Amino acid sequence: MTQLSAYATGMTRTNIEEALRSVGKDPSAIEPGDLAALEEFHTLGRLATAQLAHLADIGPNDRVLDAGTGIGGSARFLAVEHGCSVTGVDLTDEYCDTARWINESAGLSDRIAIVQGDITDLPFDAGSFDVVVSQHVQMNVVDKGSLYDEACRVLAPGGRLAMWDITGNADHIGYPVPWATDPADSHVVSGDQLRAAVAGAGFRIEQWNDLTRPTAEMMTAFLSRPASELGLHVFVPDFPAKVANMLRGFAAGYLQVIQALAVRPPDTGSS
Ligand SMILES: C[S@@+](CC[C@H](N)C(=O)[O-])C[C@H]1O[C@@H](n2cnc3c(N)ncnc32)[C@H](O)[C@@H]1O
């Protein structure tokens, strides 16, 4: 699969290094938390990840796969705050390189592995993980059947799939949005279609929470404050325009934010 134009700019690491220096931080000695406002590329950032980790009850003995890890912010949060081992997979080479650099700089390379790959064709054995986390990735994936089949396959029986995602009516989306500069890379489906894809892979859906309204309210309040120097705009081009288009979708009702938890039942799923 080719690299997605919304993410591969060629400047990700350079822009983050410059932003760190501009606030007096050393890019070769990053402290966990230094990048909190920019390292999680999804609505509500760290707050959403903390809620999702709580929902999935992630603990130190869990082997976690972050499917579509981006620059690895959620993987680092889970490793540091929940003590688990994490593997992050991402399609975008420069995001993987940036994630490895930050992990090394933060002293977390021994707890987080970063693998370049496609989440619809994972390079892991069946039953390798206890939890699969995926946040704001499936909107780029046309083959949602393979995505959730693979998540189910790599989970051990009883394993959990924790999702933080955008659903909606693709016909109304105005571009760019945070996950795509144009419709070619955007594969948003309705909540019912996404649920069907997850259930079709063999998962039992335990939670499916539409959090659009509180998310939109919190984002609007957050964006009304002066922008942090270390925000996602540092490495995501046209970030304000992308967020504005997404918020328009939340307000008009053609985009939703969902938080979900699904379980691979002990006696089903491919292996
Ligand atoms: C909006 S970013 C979210 C990154 C991360 N989950 C986070 O929340 O910070 C979407 C990510 O999904 C990755 N991605 C999209 N399609 C993918 C695929 N088929 N396999 C692996 N990664 C993919 C992109 O490279 C990008 O890093």
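Further up the page is the structure itself.
**Examining the site of the ligand**
Reasoning step 1: Phe41, His42, Gly68, Asp90 and Thr92 are the nearest of the 21 residues found near the ligand.
Reasoning step 2: Between the ligand and His42 there is a distance of 2.5 Å, counted from an oxygen atom to a side-chain nitrogen or oxygen.
Reasoning step 3: Summarising the interface, the protein chains cover 99% of the accessible area of the ligand, which totals 600 Å² for the free molecule.
Reasoning step 4: Of the residues belonging to the shell around the ligand, the class tally is nine nonpolar, nine polar and three charged.

**Notes on the environment of Arg225**
Reasoning step 1: Following the sequence through the fold, Arg225 ends up in the loop between helix H7 (212-223) and helix H8 (239-252).
Reasoning step 2: As for Arg225 and Ala244, which are separated by 19 residues in sequence, their C-alpha atoms are 15 Å apart.

**Concerning empty space enclosed by the protein**
Reasoning step 1: Across all of its chains, the model carries one cavity of 30 Å³ or more by this definition.
Reasoning step 2: Lining the largest cavity are Leu65, Ala67, Ile119, Leu122, Val132, Leu147 and Ala151.
Reasoning step 3: Residue assignment for the lining of the largest cavity shows that the elements contributing at least two residues are strand E1 (63-67) and helix H5 (144-154).
Reasoning step 4: Across the lining of the largest cavity, the residue classes tally to seven nonpolar, no polar and no charged.

**What about the sheet that holds strand E5 (residues 155-168)?**
Reasoning step 1: Within the open sheet, the seven strands sit side by side as E3-E2-E1-E4-E5-E7-E6. Their pairing is mixed. Of all the strands in the sheet, just strand E3 (112-116) and strand E6 (204-210) have a single pairing partner and so form its edges. For this sheet, the mean inter-axis angle between neighbouring strands, taken without regard to orientation, is 15 degrees.
Reasoning step 2: Pairing between E6 and strand E7 (residues 255-263): six bridges, direction antiparallel. When the sheet's bridge partners are listed, Arg204 is paired in E7 with Val263.
Reasoning step 3: Sheet contacts for helix H2 (residues 45-55): strand E4 (129-135), E5, E6 and E7; angle to E7, the most-contacted strand, approximately 30 degrees.
Reasoning step 4: Packed onto the sheet, helix H4 (residues 93-105) meets strand E2 (85-90) and E3 and runs at close to 165 degrees relative to E3.

**Regarding the pattern of salt bridges**
If the charged atoms of two oppositely charged side chains come close together, the side chains can form a pair.
Reasoning step 1: Enumeration according to the criterion identifies eleven salt bridges in this entry.
Reasoning step 2: Here Glu17 ties to Arg13 by a salt bridge, and the two come within 3.0 Å at their closest N and O atoms. Separated by four residues within a single helix, Glu17 and Arg13 lie in helix H1 (residues 12-22), roughly one turn from each other.
Reasoning step 3: A relative accessible area of 16% places Glu17 in the buried class.
Reasoning step 4: Between Arg160 and Asp62 there is a salt bridge; the shortest N-O distance is 3.0 Å. Taken together, the residues Arg160 in strand E5 and Asp62 in the loop between H2 and E1 connect sequence positions 98 residues apart. Per residue, the accessibility class of Arg160 equals that of Asp62, and both read buried.
Reasoning step 5: Overlapping salt bridges, with partners in common, bring together Glu39, Glu40, Arg46 and Arg76 in one network.

**Digging into the side chain of Asp34**
Reasoning step 1: Turning to its location among the elements, Asp34 is positioned in the loop between H1 and H2.
Reasoning step 2: In this structure the side chain of Asp34 is engaged in a polar contact, spanning 3.4 Å, whose partner is the side chain of Lys25.
Reasoning step 3: Setting aside residues no more than four positions away along its own chain, Asp34 makes contact with Lys25, Ala29 and Leu230.

**Observations concerning the packing of H2 against helix H3 (residues 73-82)**
Reasoning step 1: Remark: H2 packs on H3, axes separated minimally by 10 Å, with the N-to-C direction vectors making an angle of 50 degrees. Comparing their axes, H3 and H2 come out oblique. For the pair H2 and H3, the crossing hand works out as right-handed. Each of Arg46, Thr49, Ala50 and Ala53 in H2 lies in contact with H3, whose residues at this interface are Gly73, Ser74, Phe77, Leu78 and His82.
Reasoning step 2: Its residues assigned to classes, the contact of H2 with H3 shows four nonpolar, four polar and one charged.

**Some thoughts on H4**
Reasoning step 1: For H4, spanning 13 residues, the distance from its first C-alpha to its last is 18 Å, which sits close to the expected 18 Å at 1.5 Å a residue.
Reasoning step 2: Considered for burial, the residues of H4 that qualify are Glu94, Tyr95, Cys96, Thr98, Ala99, Trp101, Ile102, Asn103 and Ser105.
Reasoning step 3: On its buried side, H4 packs onto H1, H3, E2 and E3.
Reasoning step 4: Directly after H4, the chain includes Gly107, whose backbone phi takes a positive value near 70 degrees.

Calculation rules
Residues numbered from 1 in each chain as written. Predicted model: local features only at pLDDT ≥ 70, side-chain atom pairs only at ≥ 80, totals over all residues. Heavy atoms only, no water. Near = heavy atom within 4 Å. Polar contact = N/O pair within 3.5 Å; in protein donor to acceptor, adjacent residues only side chain to side chain. Areas by Shrake-Rupley, 256 points an atom, 1.4 Å probe, with all protein chains shown as cover. Nonpolar A, V, L, I, M, F, W, Y, C, P; charged D, E, K, R; others polar. Helix = DSSP H or I, 4+ residues; strand = E, 2+ residues; numbered from the N terminus. 1 Å grid on protein atoms, 1.4 Å probe; cavity = no way out; pocket = protein on both sides within 12 Å on 5 of 7 lines; lining within 4 Å. Points joined across faces, edges and corners; volume = space filled by probe spheres on them. Pairing = 2+ DSSP bridges. Axes fitted to C-alpha atoms, helices over the stretch in contact; angles between N-to-C directions. Contact = heavy atoms within 4.5 Å. Salt bridge = Lys/Arg side-chain N within 4 Å of Asp/Glu carboxyl O. Buried < 20%, exposed > 50% of the residue type's maximum accessible area, 1.4 Å probe, protein only. Parallel < 35°, antiparallel > 145°, perpendicular 65-115°, else oblique. Left-handed = near helix turned anticlockwise from the far one by under 90°. Expected span 1.5 Å × (residues − 1).

Any functional reading would require information beyond the geometric quantities listed.
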